[in-house]
6 protein chains.
Amino acid sequence: MRLKVINPNTTASMTAKIGACAQAVAGPGVTVDATSPRHGPAAIESHTDAALAVPGVLSEITAGEAAGYDGYVIACFGDPGLKPARELARGPVVGIAEAAMRTATYLGRGFSVVTTLSRTIGQAQDLVDQYGVAASCLGIHACEIPVLSLETDPHAKSTILQACKEALATDGSDAIVLGCAGMADLCHELSNELGVSVIDGVAAATVAVEGLVRLRLTTGKLGEFALPNTDR
Amino acid sequence: MRLKVINPNTTASMTAKIGACAQAVAGPGVTVDATSPRHGPAAIESHTDAALAVPGVLSEITAGEAAGYDGYVIACFGDPGLKPARELARGPVVGIAEAAMRTATYLGRGFSVVTTLSRTIGQAQDLVDQYGVAASCLGIHACEIPVLSLETDPHAKSTILQACKEALATDGSDAIVLGCAGMADLCHELSNELGVSVIDGVAAATVAVEGLVRLRLTTGKLGEFALPNTDR
Amino acid sequence: MRLKVINPNTTASMTAKIGACAQAVAGPGVTVDATSPRHGPAAIESHTDAALAVPGVLSEITAGEAAGYDGYVIACFGDPGLKPARELARGPVVGIAEAAMRTATYLGRGFSVVTTLSRTIGQAQDLVDQYGVAASCLGIHACEIPVLSLETDPHAKSTILQACKEALATDGSDAIVLGCAGMADLCHELSNELGVSVIDGVAAATVAVEGLVRLRLTTGKLGEFALPNTDR
Amino acid sequence: MRLKVINPNTTASMTAKIGACAQAVAGPGVTVDATSPRHGPAAIESHTDAALAVPGVLSEITAGEAAGYDGYVIACFGDPGLKPARELARGPVVGIAEAAMRTATYLGRGFSVVTTLSRTIGQAQDLVDQYGVAASCLGIHACEIPVLSLETDPHAKSTILQACKEALATDGSDAIVLGCAGMADLCHELSNELGVSVIDGVAAATVAVEGLVRLRLTTGKLGEFALPNTDR
Amino acid sequence: MRLKVINPNTTASMTAKIGACAQAVAGPGVTVDATSPRHGPAAIESHTDAALAVPGVLSEITAGEAAGYDGYVIACFGDPGLKPARELARGPVVGIAEAAMRTATYLGRGFSVVTTLSRTIGQAQDLVDQYGVAASCLGIHACEIPVLSLETDPHAKSTILQACKEALATDGSDAIVLGCAGMADLCHELSNELGVSVIDGVAAATVAVEGLVRLRLTTGKLGEFALPNTDR
Amino acid sequence: MRLKVINPNTTASMTAKIGACAQAVAGPGVTVDATSPRHGPAAIESHTDAALAVPGVLSEITAGEAAGYDGYVIACFGDPGLKPARELARGPVVGIAEAAMRTATYLGRGFSVVTTLSRTIGQAQDLVDQYGVAASCLGIHACEIPVLSLETDPHAKSTILQACKEALATDGSDAIVLGCAGMADLCHELSNELGVSVIDGVAAATVAVEGLVRLRLTTGKLGEFALPNTDR
């Protein structure tokens with residue numbers, strides 16, 4: 001089984017980190033290739049960033065189809081391009097926000113999301129509503145660290161840890177969902193320190209799409225998600 | 001007052017029609033300029049089409065800001081790029097789906113949408129949910145005419161008329177919302193033949209954004225819709 | 001175009017203020033006449049006040065129909081009598097609460113309502129739910145100034161300004177909706193001091209109904225909102 | 001215990017029927033007085049009818065308070081004036097629509113409403129939403145008999161019976177809610193012929209308000225439903 | 001009329017208290033018998049407790065059917081076994097949580113629940129959602145007294161009173177719903193001290209089921225709640 | 001990794017089938033043991049059946065904890081005992097209804113459920129609402145085959161196939177969810193004949209719980225799902 005994990009931003013160090021986290025949770029015999037678009041925003045922190053990242057994501061899907069991948073992960077917490085990607089791919093496509101949040105619903109009454117900048121909270125709330133997890137999402141909390149600073153700020157982990165603690169106390173939640181692919185490498189450390197499950201969407205989505213492929217399940221192609229007409 | 005109406009697809013004849021319909025309802029002293037992106041899909045009939053149209057829409061917004069427009073209309077029923085456009089523009093931005101559906105809520109208990117292809121119904125339903133009009137939208141009906149055939153199919157009007165009649169009978173609705181900018185010119189004829197209000201989103205959005213400008217109202221710029229950071 | 005703006009309470013000074021605010025935003029060639037019932041409560045601060053104001057509102061509609069008005073505004077934030085008015089009028093009827101809240105949905109993620117007495121918050125919440133703006137209404141805040149004191153309390157504006165500031169900080173909203181027609185004259189001052197859009201329902205409803213008339217749209221008259229049977 | 005049952009319309013024969021049905025279900029020692037306003041519509045079949053009936057309903061409440069009643073029933077399926085009545089009365093006030101629908105929720109998964117004219121369906125739907133029974137109300141069906149014809153149409157019972165049968169078959173419901181006080185006397189006959197529970201709101205509300213009085217429960221008077229200020 | 005009130009836990013002193021509270025509100029001529037299962041948990045404070053109590057509750061229903069009872073109350077705030085009990089009984093079955101919360105909806109805009117341990121709040125929230133009272137339930141508050149300590153803790157009443165006061169202040173509610181059958185005897189005292197209606201579910205459910213029997217209403221037996229097939 | 005799959009009914013042939021289907025999708029190195037309670041209903045077709053199966057399910061969980069299993073599947077489409085099982089187990093517990101329905105949400109706009117008897121539709125609808133998949137569940141359809149007849153009725157597969165075809169046509173869905181563990185072995189055949197994804201909950205839940213264990217995620221144990229107090 002070959003899975004392609006697409007980092008929608010163009011920051012290579014983040015793509016490498018995402019790939020490592022995805023491969024680490026993939027099952028025996030599963031190959032994970034991590035890529036990112038050649039052009040597009042270096043980080044996704046606004047609706048504009050997300051919109052401008054989508055064409056690159058879709059090019060990666062199209063290239064992936066030519067290369068015969070079995071399934072795809074879109075590794076940005078806004079799940080940019082998820083619906084068009086489902087039109088273009090034969091195999092299943094999973095976004096890290098949907099995977100993280102749906103996985104969290106197995107773990108108790110509810111979860112808290114801890115994300116980067118507060119201006120992205122609205123976008124996360126939109127996804128919560130779309131994915132039907134509004135009753136389970138007990139709060140969305142920003143730690144106010146920009147995406148690219150996750151890799152450079154020496155206090156990033158402690159700031160996120162503190163935001164997680166406040167989220168658990170405020171929301172009474174059963175688990176934490178990390179709201180950015182750039183936090184993927186902190187997942188187990190945070191979980192150990194907090195004493196609750198912490199869900200990294202990259203790992204959750206990789207496991208989810210591997211499961212879909214193993215179950216031979218894929219996007220319905222008879223209606224809304226049929227291959228788009230490009231013959232105009 | 002100068003308004004810019006953006007047709008997200010690249011079909012010039014549709015841009016011209018949209019511009020004429022918008023100007024026809026604009027108030028005295030309001031100038032309406034209709035444009036479309038230089039590159040992008042010729043019609044928007046899938047999630048992929050919509051996604052690939054957005055960068056061009058945003059370029060038109062950016063150009064519009066340089067030119068000093070007071071407000072914008074995004075003239076495709078999927079409202080592609082509406083949220084990022086609100087980040088980029090100082091003045092108000094209105095999508096034709098939101099304007100058509102919100103306008104329809106003033107007219108009674110509920111409305112029916114009559115749109116082009118059935119594969120777009122899911123996208124329309126998403127907008128219904130996002131805009132809070134689920135209780136008012138009593139049905140979404142496809143007439144199965146592709147967007148570009150609206151201009152060439154000699155039976156287009158009668159097919160749409162029939163779909164409207166069936167929608168009214170099935171849904172018991174108080175008004176019809178036309179689900180494609182390419183139907184804008186049929187609005188008054190359909191209304192006369194049906195005996196109920198028929199809402200063209202291009203007209204509704206033009207009137208809505210003119211109203212916002214007149215009321216000196218614009219997008220909140222202190223949080224989610226602040227100008228995006230492009231300094232990375 | 002001739003519009004009739006009905007102040008549901010019987011306080012003449014408020015009717016005059018409402019009429020001035022409505023005329024100020026009406027387009028060229030639009031005449032606005034402001035009236036109020038001859039009998040009824042002097043202010044509307046309870047469910048009882050609202051209920052007792054409705055017969056007078058409906059008499060004004062009936063008189064307006066005889067006089068040939070093109071559209072109507074009901075200028076009290078509880079929108080008293082809106083549904084029966086839609087039965088009685090041929091042209092469109094718009095309430096100031098619905099217009100203010102729907103207009104606010106064009107301006108970002110959400111708005112806060114700042115109203116008079118806390119005992120009216122429940123009624124405002126009912127309208128929020130009916131109008132489908134529950135996801136956009138981020139809070140309803142009372143400034144505890146009775147309606148008639150809006151015109152006599154020398155601290156009214158500063159008290160309202162303070163309530164608006166607290167609402168913005170608490171709710172993280174993109175705009176303020178003023179929850180009483182008696183606040184209409186404060187709209188632009190408050191907006192200037194707060195740095196966000198402030199929506200007066202009288203202005204919003206006047207612009208909305210003018211737009212409906214211009215678009216030749218009116219209440220569906222084939223079912224629920226047909227002229228009522230009075231021949232019993 | 002003394003209960004006052006208010007028929008909001010002015011048709012005396014209907015008031016007598018309502019009074020008899022209410023008294024028939026009241027417990028030992030409970031006195032039921034049925035009244036109707038002196039002025040107002042003879043039947044309630046539109047939003048306008050309902051609005052114009054409310055002042056008379058509230059006068060009956062005020063008179064009832066002077067006479068020392070322990071609780072009230074508003075005996076029209078639109079529950080006109082329910083909220084203002086709760087402001088004016090010390091004891092509990094129950095509407096027949098809320099009582100019928102809430103009572104029906106004890107009887108299984110869901111119920112169907114069978115009402116008079118189809119133009120009232122929207123109003124019934126509004127109440128369903130307000131009372132939180134949307135998941136339980138599986139359908140609202142009109143039998144197209146005007147209110148006053150319930151007493152004169154010789155086929156009324158068989159027409160209603162047929163509408164009930166169709167409702168049960170279509171909705172798969174566990175019970176029927178009668179959507180008009182004028183159907184109160186048919187309740188047991190219909191139930192016997194249909195083999196399911198049939199709920200008359202007059203009876204349900206009488207039993208409900210008797211229960212509230214017995215439990216010493218009444219409207220909260222510290223906020224929204226405090227006695228309204230009439231000292232202006 | 002003979003009613004059977006089933007205490008789902010096996011603590012005899014609580015059964016006695018519940019029986020006394022139920023008989024105290026039953027109408028003239030109504031006999032109330034209180035029982036509890038022979039085996040099962042001594043208190044219900046977890047999902048496990050609730051699940052293990054259900055077989056005993058159902059045995060009591062089956063025994064009740066043999067004895068010819070007219071209706072049943074399930075006297076634990078989680079309403080354990082309510083749906084299967086409705087399958088097994090011919091007459092109506094009412095849970096104390098549903099009765100308390102539905103009764104509270106007659107009393108104003110909303111109520112607060114005051115319950116025992118915070119770990120039960122999720123279960124109460126589930127019931128709020130199932131019963132359609134989410135808009136009316138303004139808060140659920142734990143006083144952190146275990147069920148069995150309600151009878152032994154000398155400070156139980158004052159702790160509960162304090163929790164009620166905080167709930168009213170926080171939620172702005174019109175009434176208090178007591179979230180445990182073990183609080184039944186405190187109802188009137190708390191109401192007197194708080195000045196608002198306090199609803200004990202045992203009393204509310206007894207009155208509700210008595211009303212259903214008097215109205216000749218019972219569970220729909222044609223579908224989901226038909227007698228279960230035990231012939232396998 | 002060792003997983004325990006619990007068939008809540010006592011029919012051994014069904015337990016064997018469930019075990020085979022679960023093992024077939026488990027990853028390399030994952031051991032699946034299928035068991036069922038010693039006592040309880042032979043099939044689960046009513047609320048009573050489900051309730052009476054739960055104590056046996058919980059005994060299997062308790063025995064599983066003693067034996068050191070890493071995770072559990074509850075293999076009945078009503079997910080009986082899921083919440084108490086989460087209290088009792090250290091590792092994750094997944095029900096087949098939640099897994100099937102959540103898995104289906106990755107595959108497009110929506111799914112249809114095809115289940116056994118129509119009297120179970122209400123229970124499935126309850127789960128749809130609890131799991132937040134109401135927008136994705138486009139219909140629930142009964143094929144009217146009793147659970148135990150799935151193994152003996154020679155027309156079972158063709159009857160289910162027909163029900164699936166009707167569901168797809170009526171609902172316009174992207175996938176089928178099989179509503180009974182007893183249909184697990186038909187999954188791939190049905191999918192091949194229908195040309196859409198068909199989801200067997202046993203397989204979906206096995207893959208889901210294996211994923212949770214691999215991701216080191218488990219139920220939150222600090223609040224509602226802490227080990228229950230049995231020390232009374």
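Residues numbered from 1 in each chain as written. Chains lettered and ligands numbered in written order. Predicted model: local features only at pLDDT ≥ 70, side-chain atom pairs only at ≥ 80, totals over all residues. Heavy atoms only, no water.

**Things to note about the overall build of chain A**
Phase 1 of the analysis: Within chain A, the regular secondary structure consists of eight helices and eight strands.
Phase 2 of the analysis: Relative to its length of 232 residues, chain A is compact, with a C-alpha radius of gyration of 17 Å against a globular reference of 17 Å.
Phase 3 of the analysis: Viewed in the frame of its principal axes, chain A has a C-alpha envelope of about 55 × 35 × 35 Å.
Phase 4 of the analysis: Burial statistics for chain A: of 232 residues in total, 66% are counted as buried.
Phase 5 of the analysis: In chain A, the proportion of contacts linking residues at least 24 apart, taken out of those at least 6 apart, comes to 72%.
Phase 6 of the analysis: Accessible surface computed for chain A: about 7,600 Å², of which carbon and sulfur atoms make up 53%.
Phase 7 of the analysis: On chain A, the mean spot of the 16 positive side-chain charges and the mean spot of the 24 negative ones are 7 Å from each other. (Helix = DSSP H or I, 4+ residues; strand = E, 2+ residues; numbered from the N terminus. Rg over C-alpha atoms; globule rule 2.2 N^0.38 Å. Buried < 20%, exposed > 50% of the residue type's maximum accessible area, 1.4 Å probe, protein only. Contact = heavy atoms within 4.5 Å. Areas by Shrake-Rupley, 256 points an atom, 1.4 Å probe, with all protein chains shown as cover. Lys, Arg positive; Asp, Glu negative; His and termini not counted. Charge placed at Lys NZ, Arg CZ, Asp CG, Glu CD.)

**Things to note about the pairing of strand S3 (residues 71–74) of chain E**
All names here are of chain E.
Phase 1 of the analysis: Here S3 shows a buried face lined by Gly 71 and Val 73 and a second buried face lined by Tyr 72 and Ile 74.
Phase 2 of the analysis: Strand direction decides the pairing type here: strand S1 (residues 2–6) and S3, joined by four bridges, are parallel. Note that in S3 the partner of Val 5 across the bridge is Val 73.
Phase 3 of the analysis: Each parallel crossover has a hand, and the one from S3 via helix H3 (residues 82–88) to strand S4 (residues 93–95) is right-handed. (Pairing = 2+ DSSP bridges. Right-handed = clockwise from strand over helix to strand, strands pointing away.)

**A closer look at the packing of helix H6 (residues 156–171) of chain C against helix H7 (residues 187–194) of chain C**
Pairs of packed helices are described in terms of their axes, by the angle between the two and the distance that separates them.
All names here are of chain C.
Phase 1 of the analysis: In the contact formed by H6 and H7, the axes pass within 11 Å of each other and the chain directions differ by 50 degrees. With respect to H7, the element H6 is oriented oblique. The handedness of the crossing between H6 and H7 is right-handed. Every residue of H7 that contacts H6 at Lys 157, Ile 160, Leu 161, Cys 164, Lys 165 and Leu 168 is listed here: Glu 189, Leu 190, Glu 193 and Leu 194. (Axes fitted to C-alpha atoms, helices over the stretch in contact; angles between N-to-C directions. Parallel < 35°, antiparallel > 145°, perpendicular 65-115°, else oblique. Left-handed = near helix turned anticlockwise from the far one by under 90°.)

**Looking at the interface of chain A and chain F**
Phase 1 of the analysis: Across the contact, 42 residues belong to chain A and 43 residues belong to chain F.
Phase 2 of the analysis: Here chain A packs against chain F, burying approximately 3,500 Å² in sum over the two surfaces, 58% of which is carbon and sulfur.
Phase 3 of the analysis: Where chain A touches chain F, the interface holds four salt bridges.
Phase 4 of the analysis: Viewed at the interface, chain F and chain A are joined by 14 residue pairs in polar contact (both at pLDDT 80 or more).
Phase 5 of the analysis: Breaking the side of chain A that touches chain F down by element, the ones donating at least two residues are helix H3 (82–88), strand S4 (93–95), helix H4 (96–104), strand S8 (197–199) and helix H8 (201–214) of chain A.
Phase 6 of the analysis: Looking at which element gives the most residues to the side of chain A that touches chain F, the answer is H8 of chain A, with eight residues. (Buried area = accessible area lost by both parts, 1.4 Å probe. Salt bridge = Lys/Arg side-chain N within 4 Å of Asp/Glu carboxyl O. Polar contact = N/O pair within 3.5 Å; in protein donor to acceptor, adjacent residues only side chain to side chain.)

**So, the sheet that holds strand S2 (residues 31–35) of chain A**
Residue and element names in this part refer to chain A.
Phase 1 of the analysis: Across the sheet, which stays open at both edges, the four strands sit in the order S2-S1-S3-S4 with parallel pairing between neighbours. Looking at the sheet topology across the chains shown, the edges are occupied by S2 and S4. Averaged over all pairs of adjacent strands, the angle between strand axes in this sheet comes to 20 degrees, irrespective of strand direction.
Phase 2 of the analysis: On the sheet, helix H2 (residues 47–67) packs against strand S1 (2–6), S2 and strand S3 (71–74) and is oriented at approximately 165 degrees with respect to S1.

**Thoughts on helix H6 (residues 156–171) of chain B**
Residue and element names in this part refer to chain B.
Phase 1 of the analysis: The terminal C-alpha atoms of H6, which comprises 16 residues, lie 22 Å apart, in line with the 22 Å expected from a rise of 1.5 Å per residue.
Phase 2 of the analysis: Among all positions of H6, only Ala 156, Ile 160, Leu 161, Ala 163, Cys 164, Ala 167, Leu 168 and Asp 171 are buried. The arc that holds every buried residue of H6, seen down its axis, measures 165 degrees, which confines them to one face. Those residues of H6 that are exposed and aimed more than 90 degrees away from the buried face are Ala 169 and Thr 170.
Phase 3 of the analysis: Tucked inside the fold, the buried residues of H6 contact strand S5 (111–115), strand S6 (137–142), strand S7 (175–178) and helix H7 (187–194). (Expected span 1.5 Å × (residues − 1). Arc of directions from axis to C-beta.)

**A look at the arrangement of the chains**
Phase 1 of the analysis: Separated in space, chain B and chain E share no contact, their closest pair of C-alpha atoms being 17 Å apart.
Phase 2 of the analysis: The least C-alpha distance between chain C and chain F, which are not in contact, is 17 Å.

**Quick notes on the domain arrangement of chain A**
Residue and element names in this part refer to chain A.
Phase 1 of the analysis: Segmentation of chain A into domains returns domain 1 (2–95 + 204–214) and domain 2 (98–200).
Phase 2 of the analysis: Taking only C-alpha atoms, the centre of domain 1 and the centre of domain 2 are 20 Å apart.
Phase 3 of the analysis: Between domain 1 and domain 2, the contact holds 24 residues from the first and 28 residues from the second.
Phase 4 of the analysis: Of the roughly 1,900 Å² buried where domain 1 meets domain 2, counting both sides, 60% is carbon and sulfur surface.
Phase 5 of the analysis: Across the contact surface, domain 1 and domain 2 share three salt bridges.
Phase 6 of the analysis: Lys 17 serves as the salt-bridge partner of Glu 151, at 3.4 Å between the closest nitrogen and oxygen.
Phase 7 of the analysis: Counting the contacts that link domain 1 with domain 2 gives eleven residue pairs in polar contact (both at pLDDT 80 or more).
Phase 8 of the analysis: Secondary structure elements with two or more residues in the side of domain 1 that touches domain 2: helix H1 (12–25), H3, S4 and H8.
Phase 9 of the analysis: The biggest single contributor to the side of domain 1 that touches domain 2 is H1, with five residues. (Domains from an automatic or database assignment.)

**Section: the nonpolar core**
Phase 1 of the analysis: Met 101, Ile 160 and Ile 176 of chain B together with Met 101, Ile 160 and Ile 176 of chain C are the most contacted members of the largest nonpolar core, which totals 167 residues.
Phase 2 of the analysis: Here the element with the most residues in this core is helix H8 (residues 201–214) of chain C; it accounts for nine residues.
Phase 3 of the analysis: Not counting the four nearest positions on each side in its chain, Met 101 of chain B is found in contact with Phe 77, Phe 111, Val 113, Leu 127, Val 128, Tyr 131, Val 133 and Val 177 of chain B. (Core = buried A, V, L, I, M, F, W, Y, C linked by side-chain atoms within 4.5 Å.)

**So, the packing of aromatic side chains**
Phase 1 of the analysis: Overall, the coordinates contain six aromatic pairs over all chains when judged by the stated rule.
Phase 2 of the analysis: In this structure, Arg 2 of chain A is placed above the aromatic ring of Tyr 69 of chain A, and the distance from its NZ or CZ to the ring centre is 4.3 Å. (Phe/Tyr/Trp six-rings, centres within 6.5 Å; stacked < 30°, edge-to-face > 60°. Lys NZ or Arg CZ within 6 Å of the ring centre and 35° of its normal.)

**Notes on the sheet that holds strand S3 (residues 71–74) of chain F**
All names here are of chain F.
Phase 1 of the analysis: Here we have four strands laid out as an open sheet, ordered S2-S1-S3-S4, and parallel in their pairing. The open sheet has two edge strands, strand S2 (31–35) and strand S4 (93–95), and neither has a second partner. Here the average twist between neighbouring strands, direction ignored, is 20 degrees.
Phase 2 of the analysis: Here three bridges tie S3 to S4, and the two strands are oriented parallel to one another. Bridge assignment links Val 73 to a residue of S4, and that residue is Val 94.
Phase 3 of the analysis: On top of the sheet, helix H1 (residues 12–25) reaches strand S1 (2–6) and S2; it is set at about 165 degrees to S2, its chief contact.

**Describing helix H1 (residues 12–25) of chain C**
Phase 1 of the analysis: Given a rise of 1.5 Å per residue, 14 residues ought to cover 20 Å, and the 21 Å separating the end C-alpha atoms of H1 of chain C matches this to within 8%.
Phase 2 of the analysis: Residues of H1 of chain C that are buried include every one of Met 14, Thr 15, Lys 17, Ile 18, Gly 19, Cys 21, Ala 22 and Val 25 of chain C, and no others.
Phase 3 of the analysis: Turning to H1 of chain C, the residues buried within the fold contact helix H8 (201–214) of chain B together with strand S1 (2–6), strand S2 (31–35) and H8 of chain C.

**A look at the relation of the copies chain A and chain F**
Phase 1 of the analysis: Placing chain A over chain F gives an RMSD of 0.0 Å and needs a rotation angle of 180 degrees, together with 0.0 Å of translation along the axis. Accordingly, the operation relating the two chain copies is best matched by a two-fold axis. The rotation axis passes nearest to the C-alpha of Gly 132 of chain A in chain A, at a distance of 2.3 Å.
Phase 2 of the analysis: Most of the interface of chain A is mirrored in chain F, where 100% of its interface residues again form contacts. (Least-squares fit on C-alpha atoms with pLDDT ≥ 70 in both.)

**Some thoughts on the environment of Gly 110 of chain C**
Residues and elements named next belong to chain C.
Phase 1 of the analysis: Structurally, Gly 110 is set in the loop between helix H4 (96–104) and strand S5 (111–115).
Phase 2 of the analysis: In sequence terms Gly 110 and Gly 172 are 62 residues apart; their C-alpha atoms lie 8.2 Å from each other.
Phase 3 of the analysis: Those residues within four positions of Gly 110 in sequence are excluded, and the remaining contacts are Ser 136, Leu 138, Ser 173, Asp 174 and Ala 175.

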